[in-house]
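Survey of secondary and tertiary structure
Listed below are the residues making up each chain.
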Amino acid sequence: MTKAAELAKMGEVLTNNQIGGRRNIIINGAMQVAQRATSATDLGSGSDYATVDRFAVLGFGSTAGRLTMTQSTDTPNGFPNSVKLDCTTADTSIGSSEGLIFSQAIEGQNLQQLKKGTSDAEQLTVSFYVKGNANATYTAELRDQDNTRFNSQEFSVTTSWNRITLTYVGDTTGALDNDNALSLYLFIWLHAGSDFTGGTHTSNVWHTTGNQRVGDNQTSFFDSTDREFFITGVQMEVGSVATPFEHRSFGEELQLCKRYCNVIAPINDEAFTFGHARTTTIAVGTVRLHPVMRANPTITFSGATDFQIQFGNGATQTTAMGANELSTEGITMQATIGSGLTVGQGMEIREHTSGAKITVDAEL
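Residues numbered from 1 in each chain as written. Predicted model: local features only at pLDDT ≥ 70, side-chain atom pairs only at ≥ 80, totals over all residues. Heavy atoms only, no water.

**Remarks on the pattern of salt bridges**
Under the counting rule described, the total for this entry stands at 19 salt bridges. Notably, a salt bridge pairs Arg36 with Asp361, separated by 3.5 Å at the nearest N-O pair. Placement of Arg36 in the loop between helix H1 (3-14) and strand E1 (39-43) and of Asp361 in strand E22 (residues 358-361) is noted, with a sequence separation of 325 residues between them. Judged by relative accessible area, which is 13%, Arg36 ranks as buried. Accessibility expressed as a relative area gives 24% for Asp361, which makes it partly exposed. Between Asp74 and Lys131 there is a salt bridge, with the nearest N and O atoms lying 3.0 Å from each other. Of the two residues, Asp74 is situated in the loop between strand E4 (66-72) and strand E5 (82-89) and Lys131 in strand E7 (residues 124-132); the sequence distance between them amounts to 57 residues. Linked by salt bridges that have partners in common, Arg36, Arg54, Asp361 and Glu363 make up one network. (Salt bridge = Lys/Arg side-chain N within 4 Å of Asp/Glu carboxyl O. Helix = DSSP H or I, 4+ residues; strand = E, 2+ residues; numbered from the N terminus. Buried < 20%, exposed > 50% of the residue type's maximum accessible area, 1.4 Å probe, protein only.)

**Observations concerning the side chain of Gln153**
Inspection of the secondary structure puts Gln153 in strand E9 (residues 149-157). Engagement of the side chain of Gln153 in a polar contact is seen with the backbone oxygen of Thr167, the distance being 3.0 Å. (Polar contact = N/O pair within 3.5 Å; in protein donor to acceptor, adjacent residues only side chain to side chain.)

**So, the nonpolar core**
Grouped burial of nonpolar side chains is what soluble globular proteins tend to show. Grouped together as the largest cluster of nonpolar side chains are 44 residues, with contacts concentrated most on Phe102, Phe128 and Phe229. If we skip the residues at most four places from it in the chain, Phe128 touches Ala140, Phe155, Asn162, Arg163, Ile164, Leu166, Ile188, Ile231, Thr232, Gly233 and Val234. Membership of the second largest hydrophobic core comes to 24 residues, among which are Ile309, Ile337, Met347 and Val360. (Core = buried A, V, L, I, M, F, W, Y, C linked by side-chain atoms within 4.5 Å. Contact = heavy atoms within 4.5 Å.)

**Considerations on the packing of aromatic side chains**
Going through the model one piece at a time under the given rule, you end up with 15 aromatic pairs. Centre to centre, the rings of Phe128 and Phe155 are 5.0 Å apart; their planes meet at 75 degrees, and the pair counts as edge-to-face. With a gap of 27 residues between them, Phe128 in strand E7 and Phe155 in strand E9 connect regions that are remote in the sequence. Within the aromatic cluster, the residues linked to one another by ring pairs are Phe60, Tyr185, Phe187, Trp189 and Phe196. Looking at Lys116, its charged tip hangs above the ring of Trp206, at a distance of 5.1 Å from the centre. (Phe/Tyr/Trp six-rings, centres within 6.5 Å; stacked < 30°, edge-to-face > 60°. Lys NZ or Arg CZ within 6 Å of the ring centre and 35° of its normal.)

**Some remarks on the pairing of strand E12 (residues 228-238)**
Along E12, nine of the eleven residues are buried, which leaves the element largely enclosed by surrounding structure. One ladder, built from four bridges, connects E5 with E12; its direction is antiparallel. Bridging across to E12, Val83 finds its partner in Ile231. Taken together, the eight bridges between E7 and E12 define a ladder with antiparallel strand orientation. Within E12, the residue paired with Lys131 across the bridge is Phe230. (Pairing = 2+ DSSP bridges.)

**Points about unusual backbone geometry**
Note that the residue after His290, namely Pro291, is joined by a cis bond; omega there is 0 degrees. Summarising the element assignment, Pro291 is placed in the loop between strand E15 (282-288) and strand E16 (298-301). Not every positive phi belongs to a glycine, and Lys115 is a case in point at roughly 55 degrees. With a phi angle near 50 degrees, Thr148 is a residue other than glycine that sits in the positive phi range. Relative to the assigned elements, Thr148 resides in the loop between strand E8 (136-144) and E9.

**Regarding the environment of Asp144**
Examined against the element boundaries, Asp144 turns out to sit in strand E8. Overall, Asp144 belongs to the buried group, its relative accessible area being 0%. Leaving out residues up to four positions away in the same chain, Asp144 has contacts with Lys116, Arg149, Gly174, Leu176, Ser183, Leu184 and Trp206. Among the polar contacts made by the side chain of Asp144, one reaches the side chain of Lys116 at a distance of 2.6 Å. In this structure the side chain of Asp144 is engaged in a polar contact, spanning 2.8 Å, whose partner is the side chain of Asn147.

**Thoughts on the sheet that holds strand E14 (residues 273-277)**
Taken together, the seven strands give an open sheet; going across it, the order is E18-E17-E21-E14-E15-E20-E19, and neighbouring strands pair in antiparallel fashion. Every other strand in the sheet has two partners, leaving strand E18 (314-317) and strand E19 (320-324) as the edge strands with one partner each. When strand polarity is set aside, the average angle formed by the axes of neighbouring strands in this sheet is 30 degrees. Direction of pairing for E14 relative to E15: antiparallel, over a ladder of three bridges. Note on E15: the bridge partner recorded for His276 is Val284. (Axes fitted to C-alpha atoms, helices over the stretch in contact; angles between N-to-C directions.)

Encoded structure:
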């Protein structure tokens, strides 16, 4: 085979099934990783990263609607998981400022290939698989957080799994910041008041008008407690073609997710950390974070008394847990008991209650 024929054959392969990797800007698009939980109830009153990593439910404007979010095994062929949203409390009286959004936030340094704000701005194609309990119409929006610009398109949901493909025009206005902060949202609008629907919606146009963000045919997810919405296979890629979904290994998706949220739990009764007594009541120990977090994190402990300090031949349950000296690479845990430590004494911080965990959060 000549060199020209080899190159032609390679081009044929790359435009069919065997496509080069690292196309998908979205993290955890197959809904595989759920470090926090596999199910969460009573969502819809605020911003919640509740189950599947990197995907948040945003409820706002005092909506009375509530939902349960679940990592589901109801999927199209070839996918391990989906997200299921199930309306548990309806809201049929929609206030002007109300909204419900399923979203992923993306940092600017992962988006420079879009060339946004230049004459060479790239098209961007978003694809995903969806289904519902009944036919519905929702809106998929790109929100440029750096420049407060919007571009949205409607899509239809049926009772069968269907792949939605939406190509967005390049935006020659407003460059995205090249840093680790939020620059772009992918929003799936599921419920919206007149502040977002009151104007005439124009599909696939970048604009700054708030009441034109959501489609004219928008369904309210909160219109009935029968309402369900399933989604998986979320992909965002440069160009006008929706290529086959880029399946990454579970391990790779987990590492990508841990940059934003790292849930630390003991394995096989291992200690969380080794350290020493700083005072007669406080012990400290450092936990190294792998991978490095996106930004200095916040720390949440499962419970003040879920842990214990083990020293010498004994162990004492904690009365409080905290953390200081936070960085993207590590945290210093601080465990408190009533008394009994010797300053400088070596010790371990371990679980006392099954299910003890530490959530290290650097979400956008």
